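An overview of the molecular structure
The primary structure of each chain is shown beneath.
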Amino acid sequence: MVKFDPSPLTHYPTQRLRRLRKGETLRRLVRETQLSIENFIYPLLVRFGNGVREEIPSMPGQYRLSLDQLPKEVEEVSALGIPALLLFGIPEEKDGVGSGAYAERGIIQEAVRRIKDSAPDLIVITDLCMCGYTDHGHCGIVRDGQVLNDETLELLGKIAVSQAAAGADIVAPSGMMDGQVKAVRRQLDSEGFYETAILSYASKYASAFYGPFREAAASTPQFGDRRGYQMDPANGREALREMELDIAEGADLVMVKPALAYLDVLRQARERFNHPIAAYNVSGEYAMVKAAAQKGWIDEKAIVLEILTAIKRAGADLIISYFAKDVARWLREDNDK
Ligand code: PBG
């Protein structure tokens, strides 16, 4: 028998934390963080064409959908209890100024109208950026190899207005141009779209975790990279400055992106700001889990729920995730047990 020697410092055995871990009912009772489908946003990639449902090779289970597929898709999303979609469009043609992003019959504008027609209560959030629409693949106007900040702002305002006019509830500027939230707010207000909210991709890092998405959306920069406007992954305090500025410029919600490698930023943002905070569980985070699960190396459901719970525990109110549909099913399944 091992002799028991209670250390005066640990208070053992009067403090036994295992007492509250005995059985699932008790563990549920004291659980600090609960995932709820109410807080999930499902990203969707939309393209022109008919009858297209193309699986994205590096993102198994995610598809590029043509417009006609949307009613069926949003019916499924709504039935699962997912309250919001984040939309990305793949245009037919690209040019130097990304004019497809603000075209009256542009892909996003058409998609928003279709979705609002079939599911008016579903919240539609539109990604507000130029990178998917420019031939050079950068998030702004390019001159002499430079992405110009202030010249880009005007276009972002124009894109925002066209998205709001199509029916978007929330626009989400993601280009990391300085002053973009203010420019977008001003332009929306001047056209009477006071009620359109802004979800700012406030601290968006220059991350390798976007790889699968760029392949899917064909939005890879054709020269250079995005480090001249997206944030350096090494910086945490700067992320708080970005959020502070965007809030001052009128953002209604702020985002940290990616999520998993930036939980410290989420936690600090939660402590510092009272705005709703969104975290983007991005394509690379999805692809890694899927690849390992397909090899049978991890338990997909357990890993995904653990990752998403951690993102929420760190401070996220809203979570944008390609796993949203799975989460809806898993949470139902667990509740029915
Ligand atoms: C466009 C944009 C990107 C993502 C969302 N909006 C790519 C990028 O900045 O290169 C990434 C989403 C993901 O990886 O899931 N600015």
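Above this text you will find the structure in question.
Structural notes, computed from the coordinates.

About the cut-offs
- Residues numbered from 1 in each chain as written.
- Predicted model: local features only at pLDDT ≥ 70, side-chain atom pairs only at ≥ 80, totals over all residues.
- Heavy atoms only, no water.
- Core = buried A, V, L, I, M, F, W, Y, C linked by side-chain atoms within 4.5 Å.
- Buried < 20%, exposed > 50% of the residue type's maximum accessible area, 1.4 Å probe, protein only.
- Helix = DSSP H or I, 4+ residues; strand = E, 2+ residues; numbered from the N terminus.
- Contact = heavy atoms within 4.5 Å.
- Salt bridge = Lys/Arg side-chain N within 4 Å of Asp/Glu carboxyl O.
- Pairing = 2+ DSSP bridges.
- Near = heavy atom within 4 Å.
- Polar contact = N/O pair within 3.5 Å; in protein donor to acceptor, adjacent residues only side chain to side chain.
- Nonpolar A, V, L, I, M, F, W, Y, C, P; charged D, E, K, R; others polar.
- Disulfide = S-S within 2.5 Å.
- Arc of directions from axis to C-beta.
- Expected span 1.5 Å × (residues − 1).

Here we look at the nonpolar core
Membership of the largest hydrophobic core comes to 111 residues, with the highest contact counts inside it found for Leu86, Leu87, Met243, Leu266, Tyr280 and Ile311. A per-element tally of this core places helix H4 (residues 149–166) first, with eight residues. Once you skip the residues sitting within four places of it in the chain, Tyr280 turns out to touch Pro43, Leu86, Phe88, Tyr201, Met255, Val256, Lys257, Pro258, Ala259, Glu285, Ile320 and Tyr322.

Quick look at the pattern of salt bridges
Throughout the structure, instances matching the rule amount to 23 salt bridges. Of the charged contacts, one joins Arg53 and Glu73 as a salt bridge, the two residues approaching to 3.6 Å between their closest N and O atoms. In this pair, Arg53 is assigned in strand E2 (residues 53–55) and Glu73 in helix H2 (residues 70–79), connecting sequence segments 20 residues apart. Two residues, Asp189 and Arg185, come together in a salt bridge whose shortest N-O distance is 3.0 Å. Taken together, the residues Asp189 and Arg185, both in helix H5 (residues 180–190) and four residues apart, mark about one turn of the helix. A residue is classified by how much of its surface remains accessible, and Asp189, at 27% relative accessible area, is partly exposed. Among the ionic contacts, a cluster of salt bridges with common partners joins Arg53, Glu73, Glu76, Lys325, Asp326 and Arg329.

Focus: the pairing of strand E1 (residues 40–47)
Along E1, seven of the eight residues are buried, which leaves the element largely enclosed by surrounding structure. Direction of pairing for E1 relative to strand E12 (residues 318–321): parallel, over a ladder of two bridges. What sits directly across from Ile41, in E12, is Ile320. Sheet topology note: the E1/strand E4 (residues 84–90) ladder contains seven bridges and is parallel. Each bridged residue has a counterpart across the sheet, and for Leu45 the counterpart in E4 is Phe88.

Quick notes on the site of the ligand
In the region of the ligand, 17 residues are neighbours, and Lys204, Arg214, Lys257, Ser283 and Tyr322 sit closest. A distance of 3.3 Å separates a nitrogen atom of the ligand from a polar side-chain atom of Ser174. At a separation of 3.4 Å, a nitrogen atom of the ligand approaches a polar side-chain atom of Lys257. When the residues that make up the shell around the ligand are grouped by side-chain class, the tally is nine nonpolar, three polar and five charged.

Brief notes about the state of the cysteines
This model, assessed by the stated rule, comprises zero disulfides. Cys139 forms no disulfide, and the closest cysteine sulfur to it belongs to Cys129, at a distance of 3.5 Å.

A word on H2
Leu70, Glu73, Val74 and Val77 are the residues of H2 that are buried. Buried residues of H2, viewed axially, fall in a sector of 90 degrees; they line one side. In H2, the exposed positions that point more than 90 degrees away from the buried face belong to Lys72, Glu75 and Ala79. Each element contacted by the buried residues of H2 is listed here: E1, E2, strand E3 (63–66), E4, helix H3 (107–118) and helix H11 (324–336). Looking at the residues trailing H2, positive phi occurs at Gly81, about 85 degrees.

Some remarks on the side chain of Lys116
Residue placement: Lys116 occurs in helix H3. Within polar-contact distance, the side chain of Lys116 engages the side chain of Asp169 at 2.8 Å. In this structure, Lys116 is in contact with Leu122, Val124, Gly167 and Asp169, ignoring residues within four places of it in sequence.

Overview of H11
With 13 residues, H11 should reach 18 Å at 1.5 Å per residue; the first-to-last C-alpha distance of 18 Å fits that figure. Within H11 the residues assigned to the buried category are Ala324, Lys325, Asp326, Val327, Ala328, Trp330 and Leu331. Of the surrounding elements, those touching the buried residues of H11 are E1, H2, helix H10 (300–314) and E12.

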